[in-house]
Amino acid sequence: MNTTQQALADTLRALHAPSDGRALVLPNAWDAASAALIAQAGARVIATSSAGVAWSVGRPDGHGLTREEMVAAVGRIVDVVEVPVTADIEAGYGPGTEDVAATVREVIAAGAVGVNLEDSLAPGGPLHDVPAQAARLRAARRAAEEAGLPGLWINARTDVFLFGTGAPGEQLEEVLSRGKAYADVGADSLFVPGLVDLDMVADLVRRSPLPVNVMAGPGAPPVSAFEAVGVRRVSVGAGPAQAAYGVVQRAAAELLGAGTYDALTDAADYGVVDSAVTTARARR
């Protein structure tokens, strides 16, 4: 552990409690180049997308990625940016508390100062029960302390809304119950993908013991609307990676079909991309 990483952890923590009410906005990265460009655009923090990372190494999303592959990707991202990096570690790459602890130790060694830890056992569910997930979050906090980074930001993700767990009328109460349990064992924020209804989000924010993170995208309210109801963190998950792969898909179809190149018209400038991945590295 070094003073730079400690300072980045302090910065990430401060950005979750801004005096101006601004949410922490995270256009999720999946490799070094995407992270460097996102930082260049002005992002104050880089968050990874586990789906994007998985696809980039030929794995399916939803626990298809290995711990080693994820940690290597995080290390490459840390190497090209100077802002805090928070890593999506899915469910910790194993069912037990010792698996979560090992993942947290390795991701800290790679330079991350925050993690997402989800409570789903598999894509679509089921979810870990509350005591089991609380134990896993407690293990994450203990591992961070033992690794010398007690200020690691732990974003506790619950997939109640994302996977439609339980009766619709009971889901918010389930999220709040989980949020309280997760707060009690050291989680720092509550991430609720699948919930973008502003009235429900506002209710969650009012009653949650933790700052709330939402996952947005096309069709969701703008960042300003989430800020207005007190959301502290807005991320977009695999959205940027999907958008980039969409360009690849359209460009390939056009080139192989019509033999034209229009899909490449708005491509990032070669020099901009090349310099983005070298400038920060040169300053380190």
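Just above, that's the structure.
Rules of the game
- Residues numbered from 1 in each chain as written.
- Predicted model: local features only at pLDDT ≥ 70, side-chain atom pairs only at ≥ 80, totals over all residues.
- Heavy atoms only, no water.
- Helix = DSSP H or I, 4+ residues; strand = E, 2+ residues; numbered from the N terminus.
- Rg over C-alpha atoms; globule rule 2.2 N^0.38 Å.
- Buried < 20%, exposed > 50% of the residue type's maximum accessible area, 1.4 Å probe, protein only.
- Contact = heavy atoms within 4.5 Å.
- Areas by Shrake-Rupley, 256 points an atom, 1.4 Å probe, with all protein chains shown as cover.
- Expected span 1.5 Å × (residues − 1).
- Polar contact = N/O pair within 3.5 Å; in protein donor to acceptor, adjacent residues only side chain to side chain.
- Patch = residues over 30% accessible without salt bridge, like charges linked within 9 Å, V, L, I, M, F, W, Y side chains within 5 Å.
- Salt bridge = Lys/Arg side-chain N within 4 Å of Asp/Glu carboxyl O.
- Pairing = 2+ DSSP bridges.

## Some remarks on the overall build of the protein
- A tally of regular secondary structure across the protein gives 11 helices and 8 strands.
- Since a compact globule built from 284 residues should have a radius of gyration of about 19 Å, the 19 Å found for the protein is in line with a globular shape.
- Viewed in the frame of its principal axes, the protein has a C-alpha envelope of about 55 × 45 × 40 Å.
- With 284 residues in all, the protein has 48% of them scored as buried.
- Counting only contacts in the protein whose residues sit at least 6 apart along the sequence, the fraction spanning at least 24 positions is 68%.
- Summing over all exposed atoms, the protein offers an accessible surface of approximately 12,400 Å²; the carbon and sulfur share of this is 56%.

## Some thoughts on the environment of V45
- Tracing the chain through its elements places V45 in the loop between α2 (32–40) and β2 (46–47).
- Looking at V45, the relative accessible area reads 0%, which means it is buried.
- Expressed as a C-alpha distance, the spacing of V45 and M70, which sit 25 residues apart in the sequence, is 18 Å.
- Not counting the four nearest positions on each side in its chain, V45 is found in contact with L12, L15, L24, L26, V83, P84 and T86.

## Some words on helix α6 (residues 130–146)
- For α6, which comprises 17 residues, the first-to-last C-alpha distance of 24 Å matches the rise-based estimate of 24 Å (1.5 Å per residue) to within 8%.
- Packed against the buried residues of α6 are α1 (3–15), α5 (97–109), β4 (114–118), β5 (153–157) and α7 (171–184).
- Put simply, D129 is the residue that caps the front of α6, since its side-chain oxygen is 2.8 Å from the backbone nitrogen of A132.

## Section: a nonpolar patch on the surface
- A surface patch of nonpolar side chains, amounting to about 490 Å² of accessible area, comprises L255, L256, Y261 and L264.
- Look at L255 and you get partly exposed, because its relative accessible area is 46%.

## What to know about the side chain of Q5
- Examined against the element boundaries, Q5 turns out to sit in helix α1.
- Taking relative accessible area as the criterion, Q5 reaches 9% and is therefore assigned buried.
- Here the side chain of Q5 touches I108 through a polar contact of 2.9 Å, landing on its backbone oxygen.
- When sequence neighbours within four positions are dropped, the list of residues in contact with Q5 reads I108, G111, A112, V113 and L149.

## With respect to the pairing of β4
- β4 sits mainly inside the fold: 5 of its 5 residues count as buried.
- Both faces of β4 are covered, namely the face carrying G114, N116 and E118 and the face carrying V115 and L117.
- The pairing of strand β3 (residues 85–88) with β4 spans 3 bridges and is classified as parallel. For T86, the partnering residue across the bridge sits in β4 and is G114.

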